[in-house]
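Chain by chain, the residues run as shown.
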Amino acid sequence: MAQSNGKKYLGVTEPISTAGPTEADFARTRDLEKVLTEAGLYESPEEAVQREEVLGRLDQLVKEWVKNICLRKGYSEQVTQEANAKIFTFGSYRLGVHGPGTDIDTLCVGPRHVSREEDFFGVFHGMLEAMSEVTELHPVPDAHVPVMRFKFSGISIDLLYAPLAVWTIPEDLDISQESILRNLDEPSVRSLNGCRVTDQILRLVPNIEHFRTTLRCMKLWARKRGVYSNVTGFLGGVNWALLVARICQLYPNALPSMLVSRFFRVYTQWRWPNPVMLCEIEEGSLGLSVWDPRKNPRDRTHQMPIITPAYPCMNSSYNVSSSTLRVMVEEFSRANGICEVIEMNKAEWSALFEPYAFFDAYKNYLQIDVFAADNDDLRRWKGWVESRLRQLTLKIEKHTYGMLQCHPHPCDFVDESKEGKHCAFFMGLQKRQGLPSQEGQQFDIRLTVEEFRQSVTGYQLWKEGMDIAVSHVRRRQIPAYVFPGGTKPARPPKVT
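Cut-offs applied
Residues numbered from 1 in each chain as written. Predicted model: local features only at pLDDT ≥ 70, side-chain atom pairs only at ≥ 80, totals over all residues. Heavy atoms only, no water. Pairing = 2+ DSSP bridges. Helix = DSSP H or I, 4+ residues; strand = E, 2+ residues; numbered from the N terminus. Axes fitted to C-alpha atoms, helices over the stretch in contact; angles between N-to-C directions. Contact = heavy atoms within 4.5 Å. Domains from an automatic or database assignment. Buried area = accessible area lost by both parts, 1.4 Å probe. Salt bridge = Lys/Arg side-chain N within 4 Å of Asp/Glu carboxyl O. Polar contact = N/O pair within 3.5 Å; in protein donor to acceptor, adjacent residues only side chain to side chain. UniProt positions renumbered as here; feature names shortened; annotations may be inferred. Phe/Tyr/Trp six-rings, centres within 6.5 Å; stacked < 30°, edge-to-face > 60°. Lys NZ or Arg CZ within 6 Å of the ring centre and 35° of its normal.

1. Some thoughts on the sheet that holds strand β9 (residues 404-408)
Now for step 1: Read across the sheet, four strands follow the order β9-β10-β8-β11 without closing on themselves; strand pairing throughout is antiparallel. The sheet terminates laterally at β9 and β11 (467-474), the two strands that pair on one side only. Across this sheet, the average inter-strand angle for adjacent strands is 25 degrees, counted without regard to direction.
Now for step 2: Running over the sheet, helix α10 (residues 322-343) touches β9 and β10 (421-431) and is turned about 70 degrees from β9.
Now for step 3: Across the face of the sheet, helix α13 (residues 446-456) comes into contact with β8 (364-372) and β11 while running at roughly 155 degrees to β11.

2. Topic: unusual backbone geometry
Now for step 1: Following Trp-272, the chain continues to Pro-273 via a peptide bond in cis, the omega torsion being 10 degrees.
Now for step 2: Structurally, Pro-273 can be placed in the loop between α9 (256-269) and α10.
Now for step 3: Here the bond from Tyr-311 into Pro-312 is cis, since omega is -5 degrees, no more than 30 degrees from zero.
Now for step 4: One non-glycine residue, Asn-183, adopts positive backbone phi at about 60 degrees.
Now for step 5: Among the structural elements, Asn-183 can be located in the loop between β7 (155-163) and α6 (186-204).

3. Notes on the pairing of strand β6 (residues 147-152)
Along a regular strand, successive side chains alternate from one face of the sheet to the other.
Now for step 1: In this structure, strand β5 (residues 134-140) lies alongside β6, joined through five bridges in antiparallel fashion. Of the residues in β6, the one forming a bridge with Thr-135 is Lys-151.
Now for step 2: Hairpin geometry of β5 and β6 is characterised by an intervening segment of six residues between the two adjacent antiparallel strands.
Now for step 3: Bridge analysis of β6 against β7 gives five bridges, and the strand direction is antiparallel. When the sheet's bridge partners are listed, Arg-149 is paired in β7 with Asp-158.

4. Thoughts on the domain arrangement of the protein
Now for step 1: Under the domain assignment used here, the protein contains domain 1 (48-198), domain 2 (205-352) and domain 3 (358-477).
Now for step 2: Put simply, the middle of domain 1 and the middle of domain 2, counted by C-alpha atoms, are 29 Å apart.
Now for step 3: Of the roughly 1400 Å² buried at the junction of domain 1 and domain 2 (both faces included), carbon and sulfur atoms supply 60%.
Now for step 4: Of all residues in domain 1, Val-97, Glu-178 and Val-197 give up the largest surface area on contact with domain 2, accounting jointly for 41% of the area buried on that side.
Now for step 5: Between the two partners, domain 1 and domain 2, sit zero salt bridges.

5. Concerning the environment of Asp-412
Now for step 1: Take Asp-412: it is sitting in the loop between β9 and β10.
Now for step 2: Separated by 44 residues in sequence, Asp-412 and Ile-368 have C-alpha atoms that sit 9.5 Å apart.
Now for step 3: Dropping the residues within four chain positions of it, Asp-412 is found in contact with Lys-382, Cys-423, Ala-424 and Phe-425.
Now for step 4: A distance of 3.5 Å separates polar atoms of two side chains, one belonging to Asp-412 and the other to Lys-382.

6. Some remarks on the UniProt feature "domain: Poly(A) polymerase central" (unreviewed entry) in the protein
Now for step 1: In the UniProt entry, the feature "domain: Poly(A) polymerase central" (unreviewed entry) is given for residues 210-354.
Now for step 2: Helix makes up 45% of residues 210-354 and strand 0%, with an end-to-end C-alpha separation of 23 Å.

7. Focus on the packing of aromatic side chains
Now for step 1: Applying the stated criterion across every chain yields a total of 31 aromatic pairs.
Now for step 2: Among the aromatic residues, those joined into a cluster by ring pairs are Trp-221, Trp-240, Phe-263, Phe-264, Tyr-267, Trp-270, Trp-272 and Phe-332.
Now for step 3: The positively charged end of Lys-86 is found above the aromatic ring belonging to Phe-88, 5.2 Å away from the centroid.
Now for step 4: Just above the ring of Tyr-228 sits the side chain of Arg-223; from NZ or CZ to the centre is 4.0 Å.

8. What to know about the UniProt feature "domain: Poly(A) polymerase nucleotidyltransferase" (unreviewed entry) in the protein
Now for step 1: Per the UniProt record, "domain: Poly(A) polymerase nucleotidyltransferase" (unreviewed entry) is annotated on residues 11-205.
Now for step 2: As annotated, residues 11-205 has a helix share of 45% and a strand share of 17%, and its two end C-alpha atoms lie 9 Å apart.

Structural data, given as structure tokens:
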């Protein structure tokens, strides 16, 4: 906690305003909470109980698994008896902003002699596979943060594993201590970071309930406006949480209605790539690399740095490109204008959450069709292609010298009528605004697209039937299945 003139405050600078709420703020906050409830953002008490039960069952499972590993490896009875593992949650569930059907981000912490590759992705995977309650089991051992994805009694779980450099895991383990990272490999540090960052966010906001309501609002807005997706170059859950937490620090006594309004005002004026930080970046004592554009040339290329508050501090939004940043800044500006009108009582909150008309916004699009032989193959193949789409955006920006901008749609679309398994991604294309207009100017990106296709088909788990096609489509050629109900809306007549 920083100090100024003897007064304490959270964050790297003093608050912009410490003013308390007005009667109008209370009324607007009630209206906002009503909108969030009507949007179905809160889970039922029954689902909350079921999640608790699933987490309890998972905790029992990992404890059994660790003891089994000790027996297999011939450890003494005492080591086997003391062997323990523990489940931690992070992300939206730990922050208290999850909704019905959202997955639970979980971390299993185990002892040094229980390995990730052989024991977690081997033996534990086998245990889960044998259970009738477990479905859609999908291990991703070679991800940036290795993860096991599955459904447990219908609840979606993302499970990470970090073996610590200790022989026993105490039940009261505190993973916020920096020493916990000593002698760990990079995947383990990254796995632990999810929990450490989430807990640190909760420590660094002045009012947790106001933070939660504001974050729920921002996540709903980002989904409606098509800017919620870390993988395609927009922002994911942790990024939005950090941005909201910073606004809470700058307006510590404000209610959610005011925080939402100030969110857009502050970030419309923000001068990127100045970083958003909740606390000063600490060098730490373990020599781990932290975000520092003065020392690391790669950090200088980051467009929209949003820095995590737990050691080692990293940029959580390195996926953002100049094209996706442009889209987000435009959206912040639009929302800022709407919030100003709401504060004058001349508009309702519903105006803020109008869905973005993506297929009306551009004249030209790229359509990326993804095919596979069955549902399981499609899930894996689609996930791989989606993770590479950001590379296509970057390649197009680079090969056209920033003159052609891409706007990736964060979701995929399914054509139910197609034989076989298929889905499609879309990207809006437009010439950079402000460029002098040249008659008939065209961009030839065929080589860029082919380069992308080649890189994607180098997938290690490729199977027969997995294919990808990239085509240029004009607005009028957009397939009907992307629209609600499978019917294209009639375009309004042009006013002359």
